[in-house]
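Chain residues, written in single-letter form:
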Amino acid sequence: MYTIMLAALLNTVTTASPGAPAATRLPFARAAIEVAHTPVDEEHLLKARVAMLAGQLDLARREFIIAAALDRDAGRIPMEATFGLARVLYGQNREAEAARLLDELATEALQQQNVDCAALALNDALWLHLRANRRADALADGLRLTDVLNDTRLSDTVRREVRSRFR
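As the structure is a computational prediction, the values presented were derived from the model and not from experiment.

Engineer: A description of the overall build of the protein should follow, citing residues and the corresponding values.
Structural biologist: A count of helical and extended segments in the protein gives eight helices and zero strands. What you see in the protein, going N to C, is helices and strands ordered as α-α-α-α-α-α-α-α. Here the protein holds 167 residues, and 49% of them are scored as buried. Expressed as a percentage of contacts within the protein between residues at least 6 apart in sequence, the contacts between residues at least 24 apart total 68%. Taken as a whole, the protein presents about 8,600 Å² of accessible surface, with 56% of it coming from carbon and sulfur.

Engineer: Break down the pattern of salt bridges for me, citing the residues and quoting the values.
Structural biologist: Scanning all chains against the criterion turns up ten salt bridges. Measuring nitrogen to oxygen at the nearest pair gives 3.0 Å for the salt bridge that ties E63 to R62. This pair shows no difference in class: E63 is buried, exactly as R62 is.

Engineer: Can you lay out helix α6 (residues 115–131) for me, pointing to particular residues and giving the numbers?
Structural biologist: In this model, α6 (17 residues) spans 24 Å end to end at C-alpha, consistent with the 24 Å of a helix rising 1.5 Å per residue. With 15 of 17 residues buried, α6 lies mostly within the body of the structure. The N-terminus of α6 is capped by N114, whose side-chain oxygen sits 3.4 Å from the backbone nitrogen of D116. Within two residues after α6, N133 carries a phi angle of roughly 60 degrees, on the positive side.

Engineer: An account of the environment of A96 is requested, with residue identities and associated values reported.
Structural biologist: Position of A96 relative to the elements: it lies in helix α5 (residues 95–111). Owing to a relative accessible area of 26%, A96 belongs among the partly exposed residues under this scheme. Sequence separation of A96 and A86 is ten residues, and the distance between their C-alpha atoms is 9.9 Å. Dropping the residues within four chain positions of it, A96 is found in contact with A132 and R134.

Engineer: Help me get a handle on the packing of aromatic side chains, residues and values and all.
Structural biologist: Tallied over the entire structure, the rule returns one aromatic pair. Plain terms: the ring middles of Y90 and W127 are 5.6 Å apart, the flat faces sit at 55 degrees to each other, and that makes the pair tilted. Note that Y90 is positioned in helix α4 (residues 79–91) and W127 in helix α6, a separation of 37 residues in sequence.

Engineer: I'd like to hear about the confidence of the model for the protein, residue by residue, with values.
Structural biologist: Close inspection of predicted coordinates is inappropriate in any region flagged by low pLDDT. Put simply, the protein has an average pLDDT of 82, and 75% of its residues get 70 or more. This model gives residues 1–26 a pLDDT under 50, and the stretch forms 41 contacts once residues within four places in sequence are excluded. Predicted confidence for residues 31–38 stays below pLDDT 50, and this span has 19 contacts to residues more than four positions away or in other chains.

Engineer: Report on the packing of α4 against α6, specifying residues and quantitative values.
Structural biologist: Contact pair α4 / α6: the axes reach a minimum separation of 12 Å and the direction vectors enclose 10 degrees. Taken as axis vectors, α4 and α6 run roughly parallel relative to one another. Note on element contacts: α6 touches α4 through C117, L120, A121, D124, W127, L128 and R131, opposite M79, F83 and Y90. Partitioning the contact of α4 with α6 into residue classes produces eight nonpolar, no polar and two charged.

Engineer: Tell me about unusual backbone geometry, residues and numbers included.
Structural biologist: Even without a glycine there, the phi angle at N93 is positive, about 60 degrees. Structurally, N93 is set in the loop between α4 and α5. Residue classification places N93 among the exposed residues on the basis of a relative accessible area of 52%. In this structure, Q113 is a non-glycine residue whose phi angle is positive, near 65 degrees. Position of Q113 relative to the elements: it lies in the loop between α5 and α6.

About the thresholds
Residues numbered from 1 in each chain as written. Predicted model: local features only at pLDDT ≥ 70, side-chain atom pairs only at ≥ 80, totals over all residues. Heavy atoms only, no water. Helix = DSSP H or I, 4+ residues; strand = E, 2+ residues; numbered from the N terminus. Buried < 20%, exposed > 50% of the residue type's maximum accessible area, 1.4 Å probe, protein only. Contact = heavy atoms within 4.5 Å. Areas by Shrake-Rupley, 256 points an atom, 1.4 Å probe, with all protein chains shown as cover. Salt bridge = Lys/Arg side-chain N within 4 Å of Asp/Glu carboxyl O. Expected span 1.5 Å × (residues − 1). Polar contact = N/O pair within 3.5 Å; in protein donor to acceptor, adjacent residues only side chain to side chain. Phe/Tyr/Trp six-rings, centres within 6.5 Å; stacked < 30°, edge-to-face > 60°. pLDDT = per-residue confidence, 0-100. Axes fitted to C-alpha atoms, helices over the stretch in contact; angles between N-to-C directions. Parallel < 35°, antiparallel > 145°, perpendicular 65-115°, else oblique. Nonpolar A, V, L, I, M, F, W, Y, C, P; charged D, E, K, R; others polar.

What follows is the structure in structure tokens.
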């Protein structure tokens, strides 16, 4: 509960960010795994998506942070909220922060044995680290991604999606 309150307090100012809406600047992959949400989670995710499409990236950021906190408080991996937040950060030219966020999601997913989520997060984090010119971090993500791709629990759909980006 404190996580939600902190997220709300840290993000009370909402202004439209300059530049194109985040949805037009985001070439990295969309999450392909269905995640169950409570109606409260859906409300914040919907607000975040609407704000993102309207170019109100600070508002979208706040709503994604709240949705992620709600997922974590419920014991779930905040996959959709974290990928949305990473898109917003990328739209704000904060590639390194978005990559770090996805690295943390991958670690959290692996701790909960969700290799599909980890592979998708590492795939996008690797690309973002390269965009931010952080080659050492990209190499570390590449090594982690290789281990995940060799995991027999990884779904064929996610395996194909990840490999299609690195031909």
